[in-house]
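Read off the chains here:
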Amino acid sequence: MMKYIKYIALALFFTCSMSSCSEDELDEQSIFSAEAPQRNEFDKWLLNNYVYPYNIDFKYRMEDKESDHDYNLTPAQFDKSIAMAKLVKFLWIDSYTEIMGDREFICKYGPKMIHLIGSPAYDEGQITLGTAEGGLKVTLYNINAFDPSNPDIEFLNYWYFKTMHHEFAHILHQTIEFPREFYEISTGNYTGAGWVNISDTEALQRGFITNYASTEVHEDFVEIIANYITHDAAWWEAQRKVAGSAAAYIDAKLDIATTYMKETWNIDLQQLREIVQRRSSQAASLDLINLND
């Protein structure tokens, strides 16, 4: 392909040279539009808060090529897209920026696209909360169920922000894998697609923080991180109590994940949790309507 591009470039050069075409003639024949794209105020806000500082394309208009054709999907509503863009920045991006001290970490490792879908994604009776594609794109579903006038943090974490931390943890371990010791803790106990047939209580008593964590080792790893960050200490202790003797497996997984995050990424997982919890408590006081910076 590269050679083909070079050949075309040479051909254009010789054509121009032989015909002595002027710069004005080239402009008149250009196939590229010289007009600036039409952007509304929200588009401009996204440029200033996502594209320029973090190189993240925040797509709120549902694009056919970016959507999963296996689902019957609808676009995200405009006002809810504005609110979600502000929340994703405050609760997710700014949490990592705060703990790392600058924007570089998210610029380098964050997804390059966040895509909003208005409706849920149903798959044989199951609902997909979100997807990530190769560390480049995260899709959040069911945006239209969100009420910007009542940003309930439990609802937000269940549908969106546990998903954001879950998918970002995937990006991190796909960049640098976590220690092999994590693989050994629940070897032989993963359920694969059978996770849908066990409850969270059963999963806890098998040493998994959620039933989805029992799918396979990588989902186990990111579920430990995502659930630890988005829940407070009381919730975590309540899960350990339900787990009973299997809490030892959950503790061992959290210890490895904590060490991995600190030694590999210089992120104190406990400190990140405190930042996320503090910001979560402030979500209800955010202005989710006006496009101020």
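Since we're looking at a predicted model, the values are computed, not measured.

Chemist: What am I meant to see in the pairing of strand β2 (residues 113-116) here?
Modeler: The two faces of the sheet receive side chains in turn, since in a regular strand these alternate between them. Across the two faces of β2 the burial is the same, with M113 and H115 and I114 and L116 all buried. One ladder, built from 3 bridges, connects strand β1 (residues 57-59) with β2; its direction is parallel. What sits directly across from K59, in β2, is H115. Where β2 and strand β6 (residues 137-140) come together, 4 bridges link them in parallel fashion. Within the sheet, the bridge partner assigned to M113 lies in β6 and is K137.

Chemist: How do you make sense of the pattern of salt bridges when you look at a structure like this?
Modeler: Once the charged atoms of two side chains with opposite charge are near each other, the side chains can pair. Under the criterion given, the structure shown has 10 salt bridges. Across the pair E237 and R240 runs a salt bridge, and its minimum N-O distance is 3.2 Å. Here E237 pairs with R240, and both are found in helix α10 (residues 233-243), just 3 residues apart, close to one helical turn. Assessed through its relative accessible area of 44%, E237 is described here as partly exposed. Residue classification places R240 among the partly exposed residues on the basis of a relative accessible area of 24%. A cluster of three or more residues bridged by salt bridges with shared partners is formed by E98, R278 and R279.

Chemist: Is there a simple way to think about the nonpolar core in this case?
Modeler: Soluble, globular proteins show a tendency: their nonpolar side chains are buried together. Counting residues in hydrophobic clusters, the biggest one holds 72 residues, and the most contacted among them are Y50 and F161. In terms of residues, this core owes the most to one element, helix α4 (residues 78-100), which gives 12 residues.

Chemist: Where do I start with the packing of helix α3 (residues 41-54) against α4 in this structure?
Modeler: To characterise two packed helices, one gives the angle between the axes of the helices and the distance between these axes. Remark: α3 packs on α4, axes separated minimally by 12 Å, with the N-to-C direction vectors making an angle of 20 degrees. On the basis of their axis angle, the class for α3 and α4 is roughly parallel. Considering how the two elements wind past one another, α3 and α4 form a crossing that is left-handed. Between α3 and α4, the contacting residues are F42, W45, L46, N49, Y50 and Y54 on the first element and F78, S81, I82, A85, K86, V88, K89, I93, D94 and T97 on the second.

Chemist: Please explain helix α12 (residues 269-282) as it appears in this structure.
Modeler: The α-helix advances 3.6 residues per turn, and as a result positions three or four apart in sequence lie on the same side. A rise of 1.5 Å per residue sets the reference length of α12, with its 14 residues, at 20 Å; its end C-alpha atoms lie 20 Å apart and thus fit the reference within 8%. Buried within α12 we find L269, L272, R273, I275, V276, R279 and S280. The arc that holds every buried residue of α12, seen down its axis, measures 165 degrees, which confines them to one face.

Chemist: Looking at this model, I keep getting lost on the packing of aromatic side chains. Mind explaining?
Modeler: Two aromatic rings, taken as a pair, are described by how far apart their centres are and by the angle between their planes. Tallying each qualifying case throughout the model produces 27 aromatic pairs. Plain terms: the ring middles of Y50 and F58 are 4.9 Å apart, the flat faces sit at 50 degrees to each other, and that makes the pair tilted. As far as the burial class goes, Y50 and F58 line up, both buried. With centroids separated by 6.1 Å and ring planes inclined at 50 degrees, the aromatic side chains of W235 and W236 adopt a geometry described as tilted. Aromatic ring contacts, followed pair by pair, group F42, W45, Y50, F58, Y60 and F78 into a single cluster. The ring of Y228 has R273 sitting right over it, with the charged end atom 3.9 Å from the ring centre.

Chemist: In this structure, what is going on with the side chain of H173? I would like to understand it.
Modeler: For H173, the location among the structural elements is in helix α6 (residues 153-175). A residue is classified by how much of its surface remains accessible, and H173, at 5% relative accessible area, is buried. Within the structure, H173 has its side chain in polar contact with the side chain of H170 (distance 2.9 Å). Contacts of H173, omitting those with residues within four sequence positions, involve F178, H218, F221, V222 and Y260.

Chemist: Looking at this model, I keep getting lost on unusual backbone geometry. Mind explaining?
Modeler: Trans peptide bonds make up the majority, and among non-glycine residues the majority have a negative phi. Even without being glycine, N55 reaches a positive phi, approximately 60 degrees. Along the chain, N55 turns up in the loop between α3 and β1. A positive phi angle is found at N266, which is not glycine, with a value near 55 degrees. With respect to the element layout, N266 can be found in the loop between α11 (247-265) and α12. Accessibility expressed as a relative area gives 52% for N266, which makes it exposed.

How each quantity is defined
Residues numbered from 1 in each chain as written. Predicted model: local features only at pLDDT ≥ 70, side-chain atom pairs only at ≥ 80, totals over all residues. Heavy atoms only, no water. Buried < 20%, exposed > 50% of the residue type's maximum accessible area, 1.4 Å probe, protein only. Helix = DSSP H or I, 4+ residues; strand = E, 2+ residues; numbered from the N terminus. Pairing = 2+ DSSP bridges. Salt bridge = Lys/Arg side-chain N within 4 Å of Asp/Glu carboxyl O. Core = buried A, V, L, I, M, F, W, Y, C linked by side-chain atoms within 4.5 Å. Axes fitted to C-alpha atoms, helices over the stretch in contact; angles between N-to-C directions. Parallel < 35°, antiparallel > 145°, perpendicular 65-115°, else oblique. Left-handed = near helix turned anticlockwise from the far one by under 90°. Contact = heavy atoms within 4.5 Å. Expected span 1.5 Å × (residues − 1). Arc of directions from axis to C-beta. Phe/Tyr/Trp six-rings, centres within 6.5 Å; stacked < 30°, edge-to-face > 60°. Lys NZ or Arg CZ within 6 Å of the ring centre and 35° of its normal. Polar contact = N/O pair within 3.5 Å; in protein donor to acceptor, adjacent residues only side chain to side chain.

Scope: geometric values only; no functional claims are made or implied.
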